[in-house]
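# Observations on the model geometry
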Amino acid sequence: MTLSTSTTAEANLAAGARDLLGVSRLTNEALTSWVHGLPGVDQVGCEGRAAALGTRSIKTSAKAWAIDTAIGMIDLTTLEGADTVGKVRSLCAKALVPDPTDPTTPRPAAVCVYGDLVGTARAALADSGIRVAAVATAFPSGRASLPVKVADTQDAVRAGADEIDMVIDRGAFLAGDYLTVCTQIAAVRDACHRPGDAPDAHLKVILETGELATYDNVRRAAYLALLAGADFIKTSTGKVQPAATLPVTLVMLEAVRDWRDLTGTQVGVKPAGGIRTTKDAIKYLVMVNEVAGEDWLSPDWFRFGASGLLNDLLLQRHKLTTGAYSGPDYVTLD
C-alpha cells in the first residue's frame, strides 16, 4: 500500500468520524472517550434475554420458512490448511445444488475460502448469484503489517471475491489503540474498491469476540468497525473458542440496530463458528427478529458462517417434506 492510499483512507475515516464524535481532529483520545462512553452491557440481563429467546418454539409452517431462510443465509465455508482445488470445487457444487432430490431447495448466500482459492470458487460458481467470500488480512491472527493486509485484500478482490472477511488487530484493541483498529479497517475498506462501474467488494469485519473477554469490549469493537465502514460485523474466525454465542450476537445486533437509528446506515451481522444444528440456527433467527427487527431477516443483512450447518438443515427440511428422517448418507460430507 502506498502512503497516498493510507492517507486517503485515514482522511475518509476522519471526515465522517469527526462529525459523529463532535471533535475537530480524530485522535485515539477522542475514540477512547467515545467508545468508553457507550452504555455498559448488563451481563446478567444480556445472558438472561439470550437464554429466554432461545426457548421460543415455532410451528411447522414457520419452521419450514425458517429452514429455507437459514439455508439462504449460509456462507458455506472451508478454511483449512489442507484445502485443495478439488475440495473447493466440491463445496461449490454443493452450494449450486444443495439437495439433488429437491430442486426447490434454496442455495447458500456465499462460499467462503482462502484468498488463493478465490479464482477456483469464482470459476465454479460463475454467474449463479452465489457470492465468493474470501478471508484476508492475515486471517485468522491478523498479525501482519497494514501494507500486507491491504495487499492480501487487493489480491482477493482482483481474483474475483465479492466479499472480504477481515480480522481486526485484537492486540491493538486490547491495548486501547482504537485509532489503529479504525484506520486499518478503513484502509481495507478502500482496498475493496473495484475500478470502473464494478461494485466494490463488501467488507465483513471479524471482531474475534472470544478474545475480547467482555461484552463491553464486544460493543466497543463493534462500534469501531461500524465507524470505519464495515458492511457486516462478524463474531469470529471459527479458530478461537468460544466462537459465536447468542449473548455476543445479541450485543452485536443491538449495535447495528442503534447504529441505523443514529446514522441511517444499515449494517449486517454474521455469527460464525459452532453453529451446527437447525435448532441453533432458528434461535439466531428469532433473536434477529426480536432484537434488530424484520429488516435484518435477509442474506443481505444476516449470515451464518458455517460448514456443517447446511447438512442438518437439509436433513430437517427433508423430514418436514416427507415425514421421515433420512440417514446420514442423505447428505454429503464436507
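Attention in this report is confined to the structure presented alongside it. (Residues numbered from 1 in each chain as written. Predicted model: local features only at pLDDT ≥ 70, side-chain atom pairs only at ≥ 80, totals over all residues. Heavy atoms only, no water.)

Another aspect to go through is the side chain of Thr183. Examined against the element boundaries, Thr183 turns out to sit in helix H9 (residues 178-191). Not counting chain neighbours up to four residues away, the residues in contact with Thr183 comprise Glu10 and Leu13. (Helix = DSSP H or I, 4+ residues; strand = E, 2+ residues; numbered from the N terminus. Contact = heavy atoms within 4.5 Å.)

Before going further, it helps to spend a moment on the layout of surface pockets. Here the largest pocket defines a volume of roughly 560 Å³. Residue lining of the largest pocket: 28 residues in total, with Thr77, Thr78, Glu80, Ala306 and Ser307 positioned closest to the centre. Elements that contribute at least two residues to the lining of the largest pocket include exactly helix H5 (85-96) and strand E8 (304-306). With 4 residues, H5 is the largest single contributor of residues to the lining of the largest pocket. Per-class residue counts for the lining of the largest pocket are 7 nonpolar, 13 polar and 8 charged. Put simply, the second largest pocket is a space of about 220 Å³. Every residue lining the second largest pocket is counted, 14 residues in all, and those nearest its centre are Thr209, Ala213, Thr214, Tyr215 and Val248. By residue number, the principal contributor to the lining of the second largest pocket is helix H10 (residues 215-228), which donates 3 residues. (1 Å grid on protein atoms, 1.4 Å probe; cavity = no way out; pocket = protein on both sides within 12 Å on 5 of 7 lines; lining within 4 Å. Points joined across faces, edges and corners; volume = space filled by probe spheres on them. Nonpolar A, V, L, I, M, F, W, Y, C, P; charged D, E, K, R; others polar.)

Attention now goes to the nonpolar core. A general trend in soluble globular proteins is that nonpolar side chains are found buried together. Within the largest apolar cluster, 103 residues are counted, with the highest numbers of intra-cluster contacts made by Leu31, Ile164, Ile185, Val205, Leu227, Ile233 and Phe304. The biggest single contributor to this core is H10, with 10 residues. Ignoring any residue separated from it by four or fewer positions in sequence, one finds Leu227 in contact with Leu13, Ala17, Leu20, Leu21, Leu31, Trp34, Cys182 and Trp259. Counting residues in each nonpolar core, the second largest holds 7 residues, with Ala133, Phe139, Val167 and Ile206 among its members. (Core = buried A, V, L, I, M, F, W, Y, C linked by side-chain atoms within 4.5 Å. Buried < 20%, exposed > 50% of the residue type's maximum accessible area, 1.4 Å probe, protein only.)

A few words on the pattern of salt bridges. Within this structure, the stated rule accounts for 21 salt bridges. Between Asp75 and Lys270 there is a salt bridge, and its shortest N-O distance comes to 2.8 Å. On the criterion of sequence distance, the pair formed by Asp75 in strand E1 (residues 74-77) and Lys270 in strand E7 (residues 268-270) is long-range, its members being 195 residues apart. Between Lys239 and Glu80 there is a salt bridge, and its shortest N-O distance comes to 3.7 Å. Of this pair, Lys239 sits in the loop between strand E6 (232-234) and helix H11 (246-263) while Glu80 is found in the loop between E1 and H5, placing the two residues 159 residues apart along the sequence. One salt-bridge network, held together by shared partners, links Asp75, Arg131, Glu163, Asp165, Lys204, Lys234, Lys270 and Arg303. (Salt bridge = Lys/Arg side-chain N within 4 Å of Asp/Glu carboxyl O.)

Turning to unusual backbone geometry, a few remarks are in order. When glycine is set aside, most residues are seen to have a negative phi, and most peptide bonds are trans. In the segment running from Phe139 into Pro140, the intervening peptide bond is cis, with an omega of 0°. Mapped onto the fold, Pro140 is located in the loop between strand E3 (131-135) and helix H7 (146-159). Residue Gln241 is joined to Pro242 through a cis peptide bond whose omega torsion reads 0°. Its location among the elements puts Pro242 in the loop between E6 and H11. Even without being glycine, Ala126 reaches a positive phi, approximately 45°. Checked against the element boundaries, Ala126 lands in the loop between helix H6 (118-125) and E3. Not every positive phi belongs to a glycine, and Ala138 is a case in point at roughly 60°.

Structural remark: α-helix, 3.6 residues per turn; residues separated by three or four positions point the same way. Taking 1.5 Å of rise per residue, the 12 residues of H5 would be expected to cover 16 Å, and the 17 Å separating its terminal C-alpha atoms lies within 8% of that figure. Turning to H5, its buried residues number three or more, namely Val88, Leu91, Cys92, Lys94 and Ala95. The buried residues of H5 occupy an angular sector of 160° when projected down its axis, which confines them to one face. As for H5, its buried residues are in contact with E1, strand E2 (110-114), H6 and helix H13 (309-322). (Expected span 1.5 Å × (residues − 1). Arc of directions from axis to C-beta.)

With that settled, consider the pairing of strand E5 (residues 202-206). Within E5, 4 of the 5 residues are buried, leaving the element largely enclosed by the surrounding structure. Sheet analysis places strand E4 (residues 163-167) next to E5, joined by 5 bridges and oriented parallel. Paired with Ile164 across the bridge in E5 is Leu203. In this fold, the crossover linking E5 to E6 by way of H10 has right-handed handedness. (Pairing = 2+ DSSP bridges. Right-handed = clockwise from strand over helix to strand, strands pointing away.)

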